[in-house]
Amino acid sequence: MKYKLLLLLLLLLPVVAGKAQTRFDNILYGVAYYHEYMPSERLDEDIRLMKEAGISVVRVGESTWSLFEPREGEFEFAWMDRIIDKMHAAGIKVILGTPTYSIPAWLWLKHPEILLTYQKGDRAYYGIRQNMNITSPAYLFYCERIIRMMMEHYASHPGIIGFQVDNETTSRDVNNYDFNVGFRSYLKNKFGTPQNLNRIWGLQYWGMDIDSWDELAPRDGITNTGYKLEWERYNRKAVADFLKWQSEIVIEYKRDDQFIMHCFMPSVQDVDQIESSKSMDMMAVNVYHGQQDQLTGNEIAFAGDYFRSVKNGLNYLITETNAQTIGWNSRIQQPPYPGQLRQNVYAHLGSGANMVEYWHWHSIHYGQETFWKGVLSHDLQPNRAYAEVTKTAQELQRIGKKLVNLKKENKVAILFSHDSNEALNFMPFDQGGSAWESAGNDFYRNNLVAQFHRILYRNNVGVDFIFPENADLRKYELVIIPSLYIAGDELLSSITDYVMNGGHVIMQFKSGFCDENSMVRPVMAPGSLREACGFYYQEFTNFSSMALKGDPFGVGPQDNKVNSWAEYLICEKAEPLAFYDHKYFSVYPALTRNIYGKGSLLYEGCMVSDAIQEKIILSELEKCNIKTPDQDIRWPLITKSGINDENKLIHYYYNYSSESGEFSYPYQEGKELISGEKVSQGQMLQIAPWDVLIIEETANRKIR
């Protein structure tokens, strides 16, 4: 094949030589590109504009199965060959996607059974992407064929640096017959016999015991919480199996210098990201966020911290993010203020991204995403966004080698539990939503976890996520545990041991209440955590809002509020930190702190306001002796740090405001990389609205 003669050109790629590439020698900056959507011949003009702007990478192909295989068994590659060849000739790198998330019309017509069946009889129709059952044997047959045909054709192309498998994959609320058959097989393997399942799930309640696996009812009308929790686990497993299956096909063909990834969505929870990525070289994520006055950088930081942690600190890629405006209609058309596009790029890099790509290069002139605009607007001419992209690209060409492969060594972690997220959907404690369940509400993720992360972010505290599947608490000085409603005995023991041996924990209500099968532990709450917590409780209550007695955290009457849930804690060894200002509840502490062994556990028996949570976190940082000068810098100024490839500390400073900001630089002398100016310790620095400063310390050091 002609491409093999060009393999020597691989030395020009921005990827470090060796197997399973995860490190880069410069930041990749680019766009998703869909030449096939253009109304006229644009390829040469697009490449010219990309080159002038400094675009270094494009992502192609993930939505184009119908073009690669326009009729069953007939494959056409010349149209994409031309795109990749011309990109490569121009020095623009290519990431090629498998096109399996949007099926061609001939496939649904021949196999309508692959379209999704939802609960209670609803079903998917053709006319939108992601409308198929990813476990359908017919669907998988055609997926494998198109993937193998594409890999045979493209794996040796020297312009392709990596492959994306599928796109934004979820379980898609699948309830097809063959999915249910797979679920029953999964249960047989896990639980052995129907009688064992009856016992573990408590199916004798309401007389729902089964005597054979055929008697297991479909998910549609199920109320049993053990069933629902296992169903969600199987949904996550199905996604992981699908993505690993695709990855392993690609591995058969790809070169050692090419990577595999998938673009995950940070808001989607029906995915086992750890298991899904086991055959991938790195994580990639699509991050969309508010703009104009709604731009905070919080979504960027959350996604970065989460997906960096999934791969144990490995750098990740941003495969999609806001260019101009977003939306499947024109109701939220908010183009970024001047500077925001550029600032967002550096916000991703400061969290550990090695690539930032926009969705997408050009705005589309038809279809559902007409108003999800790209770098170029519908007129396809250079514009304000293009100018800002060009400025950013030119900066990255100069300083990108200083920023790539940024490493973090954080002292704080948040324990994230998919199981607790799902189980609290099924047994919600907040007073909104259905009495039966609020599936998909993700109160745990969007309210509990998000509050902790938001406050850490706004106070410039670096944070990782850890997960029950592989949690190593010992790496951290402080571990924050949002409501760990579902947990096995082994995880609870590891938390207790961590505290005993000198670790520090902030733990939230409902933790340890149920075992791994969503069965309430038949012991005094909080069960095996009782010694580490230093209290027990037997009662709890819902309520809307109440004050804490005497404003113990000094936050003022407006913020001195707790809400939603309260446990009637009875202290044994724990020290009460606050009491409810209530005639009957006031005998029970709202928050406690217990010294256990060499460590401590602070427990929140209720939901607290952001202001109280901030006081708690900052106090614990001080007690753990991990508070840094970064906490003296206040929102809307944000800072992130990491170690670069030269073993030097990099400090990012962002101003999320339309007003200029000022701060005293607290670290050792260095150089602001964009301007090239020297910076000394204690120097007052100005930062313009929606701007960023990047300071590299002069001396080689380890991160604090």
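Above this text you will find the structure in question.
Residues numbered from 1 in each chain as written. Predicted model: local features only at pLDDT ≥ 70, side-chain atom pairs only at ≥ 80, totals over all residues. Heavy atoms only, no water.

Peer 1: Quick rundown of the overall build of the protein? Include the residues and the values.
Peer 2: Scanning the protein from terminus to terminus reveals 17 helices and 28 strands. In summary, the protein has a C-alpha radius of gyration of 26 Å against a globular reference of 27 Å for 704 residues, a match within 12%. Projecting the C-alpha coordinates of the protein onto the three principal axes gives extents of approximately 75 × 75 × 45 Å. For the protein, the residues scored as buried account for 62% of the 704 residues in total. Across the protein, contacts joining residues at least 24 apart in sequence account for 73% of those joining residues at least 6 apart. For the protein, the exposed surface amounts to about 27,300 Å²; the carbon and sulfur share of it is 51%. Of note, the protein has its 70 positive side-chain charges centred 3 Å away from the centre of its 87 negative side-chain charges. (Helix = DSSP H or I, 4+ residues; strand = E, 2+ residues; numbered from the N terminus. Rg over C-alpha atoms; globule rule 2.2 N^0.38 Å. Buried < 20%, exposed > 50% of the residue type's maximum accessible area, 1.4 Å probe, protein only. Contact = heavy atoms within 4.5 Å. Areas by Shrake-Rupley, 256 points an atom, 1.4 Å probe, with all protein chains shown as cover. Lys, Arg positive; Asp, Glu negative; His and termini not counted. Charge placed at Lys NZ, Arg CZ, Asp CG, Glu CD.)

Peer 1: Explain the sheet that holds strand β19 (residues 589-596) residue by residue, including any values.
Peer 2: Spatial ordering of the open sheet is given by β11-β10-β12-β13-β20-β19-β18, a layout of seven strands whose pairing is mixed. Either end of the sheet is taken by a strand with one partner, and the two such strands are β11 (463-466) and β18 (575-579). With direction set aside, neighbouring strand axes in the sheet form an average angle of 20°. Set on the sheet, helix α17 (residues 610-623) makes contact with β10 (412-415), β12 (478-481), β13 (504-508), β19 and β20 (599-604); between it and β20 the angle comes to about 180°. (Pairing = 2+ DSSP bridges. Axes fitted to C-alpha atoms, helices over the stretch in contact; angles between N-to-C directions.)

Peer 1: Explain the layout of surface pockets to me, using residue names and the numbers behind them.
Peer 2: Size it by volume and the largest pocket reaches roughly 1,100 Å³. Surrounding the largest pocket, 39 residues form its lining, Tyr101, Ile128, Arg129, Trp328 and Glu369 being those nearest its centre. Among the elements that take part in the lining of the largest pocket, helix α2 (residues 65-68) stands out by supplying three residues, more than any other. By residue class, the composition of the lining of the largest pocket is 20 nonpolar, twelve polar and seven charged. Listed by contribution, the elements that provide at least two residues to the lining of the second largest pocket are α8 (225-253), α13 (418-426) and α15 (489-500). (1 Å grid on protein atoms, 1.4 Å probe; cavity = no way out; pocket = protein on both sides within 12 Å on 5 of 7 lines; lining within 4 Å. Points joined across faces, edges and corners; volume = space filled by probe spheres on them. Nonpolar A, V, L, I, M, F, W, Y, C, P; charged D, E, K, R; others polar.)

Peer 1: Describe a nonpolar patch on the surface, with residues and values.
Peer 2: Taken together, the side chains of Tyr205, Trp206 and Met208 define a hydrophobic patch exposed on the protein surface, amounting to about 380 Å² of accessible area. With respect to the helices, strands and loops of the structure, methionine 208 is situated in the loop between α7 (194-201) and α8. Using a relative accessible area of 40% as the deciding quantity, one classes methionine 208 as partly exposed. (Patch = residues over 30% accessible without salt bridge, like charges linked within 9 Å, V, L, I, M, F, W, Y side chains within 5 Å. Salt bridge = Lys/Arg side-chain N within 4 Å of Asp/Glu carboxyl O.)

Peer 1: Lay out the pattern of salt bridges with the relevant residues and their values.
Peer 2: Within this structure, the stated rule accounts for 38 salt bridges. Across the pair arginine 233 and glutamate 230 runs a salt bridge, and its minimum N-O distance is 3.0 Å. With arginine 233 and glutamate 230 both in helix α8 and three residues apart, this pair spans about one turn of that helix. Arginine 593 is the partner of glutamate 620 in a salt bridge, and the nearest nitrogen-oxygen pair spans 2.9 Å. With glutamate 620 in helix α17 and arginine 593 in strand β19, the pair connects residues that are 27 residues apart, well separated along the chain. By the burial criterion, glutamate 620 is buried, and arginine 593 matches it. Each of Lys190, Glu230, Arg233, Arg236 and Asp419 takes part in a single network of salt bridges with overlapping partners.

Peer 1: Lay out helix α6 (residues 177-191) with the relevant residues and their values.
Peer 2: The periodicity of an α-helix, 3.6 residues per turn, causes residues three or four positions apart to be oriented the same way. Taking 1.5 Å of rise per residue, 15 residues should cover 21 Å, and α6 covers 21 Å from first to last C-alpha, within 8% of that figure. In the core, the buried residues of α6 are packed alongside α7 and α8. One or two steps after α6, the chain reaches glycine 192, where phi turns positive at roughly 85°. (Expected span 1.5 Å × (residues − 1).)

Peer 1: Explain helix α14 (residues 443-458) to me, using residue names and the numbers behind them.
Peer 2: Here α14 contains 16 residues, and its C-alpha end-to-end distance of 21 Å stays within 8% of the 22 Å for a straight helix at 1.5 Å per residue. The sharpest bend along α14 reaches about 45° and sits at alanine 450. In terms of burial, α14 is a largely internal element, twelve of the 16 residues being buried. The complete set of buried residues in α14 reads Phe443, Tyr444, Arg445, Leu448, Val449, Ala450, Gln451, Phe452, His453, Ile455, Leu456 and Tyr457. Asparagine 460 lies just past α14 and shows a positive phi near 60°. (Bend = angle between axes of the 7 residues up to and from the residue.)

Peer 1: Quick rundown of the packing of aromatic side chains? Include the residues and the values.
Peer 2: Tallying each qualifying case throughout the model produces 53 aromatic pairs. Between the aromatic rings of tyrosine 665 and tyrosine 667, the centroid separation amounts to 6.3 Å while the plane-to-plane angle is 75°, which identifies the pairing as edge-to-face. Residue tyrosine 667 is classed as buried on the basis of its relative accessible area of 4%. In this arrangement the basic side chain of arginine 458 is found over the ring face of tryptophan 635, its NZ or CZ atom lying 3.9 Å from the centre. One residue, lysine 510, lies across the ring of phenylalanine 513, its end atom 6.0 Å from the ring centre. (Phe/Tyr/Trp six-rings, centres within 6.5 Å; stacked < 30°, edge-to-face > 60°. Lys NZ or Arg CZ within 6 Å of the ring centre and 35° of its normal.)

Peer 1: Run through the sheet that holds strand β15 (residues 540-547), naming residues and quoting values.
Peer 2: By way of backbone hydrogen bonds, the strands of a sheet pair with one another, either parallel or antiparallel. Pairing within the open sheet is antiparallel, and its three strands lie in the order β15-β16-β21. Strand pairing shows two members of the sheet lacking a second neighbour, β15 and β21 (606-608), which therefore form its edges. Direction aside, the axes of adjacent strands within the sheet are offset by 15° on average. As judged from the three bridges shared by strand β16 (residues 561-567) and β21, these two strands associate in the antiparallel manner. Directly across from valine 562, in β21, lies its bridge partner valine 608.

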